[in-house]
Each structure stands twice: as C-alpha cells, then as structure tokens.
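The lines below spell out each chain.
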Amino acid sequence: MDIELENIRAVEQSDENQTVGSDNVDQSDEAQAVTVKKNKGGAKWGQRLKIFLLRLKIFLFNICPTALDPITDVWNGVKFIQAGDYAWGSMCLGLTAEPGCVWALMLFLSERTCSTFLLSALVAVLGWIGLPIWTLYGYCRQLVHPESVDHQTTGQPIPKSLQRSITMKCLEGYVEAAGQLVLNIAILLVAGFQKEFFLFEGEAQIISIFISLLSLLKTAGDNHFFQRSRRYPGSFAEVAKAGITFLPDIIFRVAGYSIVIVYLRFLCILPLAVIIVCNYVLAGKAGITKYHNHGKAATAAVSLVIPSVFIADFDDDTRLPTFAMPKIQQSYYKMNRNVAATVLFLCVGLVTFLVNSDYGDSFELFCHIHSKPGCSS
C-alpha cells in the first residue's frame, strides 16, 4: 500500500515538473518571438532611415543643383535687363541656351542626315528648357527608387536614364555653369554689384556665382569617375572629394579668364585658342585617339576651366579598358594644368605690365577697370 502511494506521488510530481517545464518553454518561445519582432522592427526602421538619407543626398546633390542653376541664371539676367543693363542681361540669358546648342551640334555630328539636322535645329531652339527637364527625369527616377538605382547598394549598373542625366548635367556644367561663372566675375570687375536688390546689394549675382560654382564642382567630380565607367560611377563621397580637388583649378582659371576678358576684350580669343589647340594635341599624347568619337575635340573644349577628359562613346567600357582611363586622366591633367597656368600667367602678366605703364594710356584695348584719361571705361 505504501509503495503504491509513493508511485502515485512520484507520477504526480513528474507531471507537475513537466507542466512547469512546458510553461517555461512557452515563456521562452514568447520572449524569443518578442525579441525577433523587435529586431525586425529595428531593421525595418534602419532600412527606412537608410533610404531616407539616400533620397536626401539625391535631392540635395543631384536635383537641387540641376534645377537651381538655370533658375538663378535666368533670374540674374532678368535683373540686369530690369536695371537697364541689356548687354549683361542678354549674355546671361544667352548662356542658358548654350548647352542645348552644343547638344544639337553633337547630335548632328553623330549622324549627318537631313532628319538629324532638323532634330538638331529643334534641340537648339528648345534645348534651354528640354535639357534640364531630361536631366531631372533621370534624377527623379533615382529619387523614387533609390534602393534599386544605387549601384553601391545593389551592385548592379545604373540605368540608362541616370547615365543620360549625368551626361547632360556634365554638359550643362562645362558650358553654362563655367560660362556664367566667368561672365559674372567679369561683370563684377567692370560694373560692380547690381544696385537694385531685394535683400542685399548684388544678391542675384552672388547667388548665381555660388550656384554655378557648386554646379561646376559637381560636374568635375561626376565626370572624373563617369569617364572611368558610365555603368558604375563614383559615390557621393568620391564625387565630393574629387570636386574639392578641382577647386583650386576652377578659382585660378576663372579669375584669370575674367581678367583677360575684361582687359583684352576680343583679343582674349587668342589665348583661349592657344589653350584649346594645346589641349587637343595633349589629349592625343595622353592616349585619346580618333576612334573615341571626337574625344580629343571634346576633351580640349571642356578642359578650359577644369582639367577633364571627355569621351562621348565611353558607354560600356568597350572602346577603352577600364584600367587605362586613370592613367590617361593623370597624364592629361598634369599637361593641361601646365599649359593653362603658363598661358594665363603670361596673359595676366602682360595685362599688368600694360595697365601699370605708359602703354596703357595709348590703347583702348588695355584699360583700367575704372576709366582714366586716354582709356574708355
């Protein structure tokens, strides 16, 4: 009898232990499920934050410069016209149409047919508004789907629409932003700040110069990596670092060109022509050949303000091995800087000598910024 009672108690104790053990297991499973849910929630918020920051970068570094650059240039030109400075205003507004004209010329040279000529004429007329819209289209697609477009995240090449946007933005930077920057600095040397203003004197000029400088820095960084591979361009950090390295070149050349244009006037074409011809020859020495779709001519033209290599058909890395482009860029940048520095130093030195000597009073070509007897303002 006692043995049976002991067996019954042992069975009951075993059942109780199993019940407690199962309760502990259930509690452990519930705790694990809560932890997994929290981790998933944290990962989800982390992913959302990453996408938000990526979209913020796209908006600030791609969309804003593309939209603000032509807007500020048009605003600056309109302000000049309203103030009665029709020449300055016309030049500011005219430069906004230059990228479309260059784009039209590139289209016509790619296929010289009647239909291409008509298309090029249409692009030249409407390019001033069509080119920014086309550029913004690719960047807006990148903004909507940043996680699928960013090659740094996916490892996949960027889409053709984004490649076209980067190409068009580089074209706008080399032609419009560079021209506006030199023109506005020259205007400051000749006429000073605009007198009519809303917040402060010369606000339109200062804002236009600042936006054009940012656009030019972005163009320099973008094109530096974009020419190495259109499918896998540089990241935001790489583009920013590369742009900053070109800042001394931009400041020196913009200041030099502005002084040369103000004093030499139409004769400024001579040093510009010398630099372009030298750039063309140096591009061939660096390794760019006739098979690179007008690569030497394009490189010579875009290298006036920034040391740059520009090959239009460097699309899928078939024309030139990827490893060859850094060597070409390094070689060309060095030679281009030497030529630009030599020509500009000689021109600025000549201007300085003529302005501060008796010769400056004898010729209208070499005049002080402020008029003096014997010189026209």
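One can find the structure itself at the top, above this paragraph.
Residues numbered from 1 in each chain as written. Predicted model: local features only at pLDDT ≥ 70, side-chain atom pairs only at ≥ 80, totals over all residues. Heavy atoms only, no water.

## Some words on the packing of aromatic side chains
So, point 1. In the structure shown here, the tally under the stated rule is four aromatic pairs.
So, point 2. With a centroid separation of 6.0 Å and an interplanar angle of 45°, the aromatic rings of phenylalanine 61 and phenylalanine 236 are classed as tilted. Of this pair, phenylalanine 61 sits in helix H1 (residues 2–82) while phenylalanine 236 sits in helix H9 (residues 236–245), and the two are 175 residues apart along the sequence.
So, point 3. Relative to phenylalanine 345, the ring of phenylalanine 252 lies with its centre 5.3 Å away and its plane at 50°, an arrangement referred to as tilted. Taken as a pair, phenylalanine 252 in helix H10 (residues 247–264) and phenylalanine 345 in helix H13 (residues 324–355) lie far apart in primary sequence, 93 residues in all.
So, point 4. Residue class for phenylalanine 345 comes out exposed when judged on its relative accessible area of 56%. (Phe/Tyr/Trp six-rings, centres within 6.5 Å; stacked < 30°, edge-to-face > 60°. Helix = DSSP H or I, 4+ residues; strand = E, 2+ residues; numbered from the N terminus. Buried < 20%, exposed > 50% of the residue type's maximum accessible area, 1.4 Å probe, protein only.)

## Here's the deal with the nonpolar core
So, point 1. If you look at the biggest cluster of nonpolar residues, it comprises 49 residues, and the most contacted ones within it are Leu216, Ile250, Val305, Ile306 and Val309.
So, point 2. Put simply, the parts of the chain that give this core at least two residues each are helix H7 (160–191), helix H8 (203–226), H10, helix H11 (269–286) and H13.
So, point 3. No other element matches the 11 residues that H13 contributes to this core.
So, point 4. Contacts of leucine 216, omitting those with residues within four sequence positions, involve Gly173, Ala177, Ala178, Leu181, Ile250, Val305 and Ile306. (Core = buried A, V, L, I, M, F, W, Y, C linked by side-chain atoms within 4.5 Å. Contact = heavy atoms within 4.5 Å.)

## Digging into the pattern of salt bridges
So, point 1. One pass over the structure, following the stated rule, counts four salt bridges.
So, point 2. Residue glutamate 203 pairs with lysine 79 through a salt bridge whose shortest N-O separation is 4.0 Å. Taken together, the residues glutamate 203 in helix H8 and lysine 79 in helix H1 connect sequence positions 124 residues apart. Both residues of the pair, glutamate 203 and lysine 79, belong to the buried class. (Salt bridge = Lys/Arg side-chain N within 4 Å of Asp/Glu carboxyl O.)

## Describing the layout of surface pockets
So, point 1. In this structure, the second largest pocket spans a volume of roughly 610 Å³.
So, point 2. Looking at the second largest pocket, it is lined by 31 residues, and the ones nearest its centre are Phe61, Asn62, Lys218, Phe236 and Val239.
So, point 3. Per element, the largest residue contribution to the lining of the second largest pocket is eight residues, and it comes from H1.
So, point 4. Partitioning the lining of the second largest pocket into residue classes produces 21 nonpolar, seven polar and three charged. (1 Å grid on protein atoms, 1.4 Å probe; cavity = no way out; pocket = protein on both sides within 12 Å on 5 of 7 lines; lining within 4 Å. Points joined across faces, edges and corners; volume = space filled by probe spheres on them. Nonpolar A, V, L, I, M, F, W, Y, C, P; charged D, E, K, R; others polar.)

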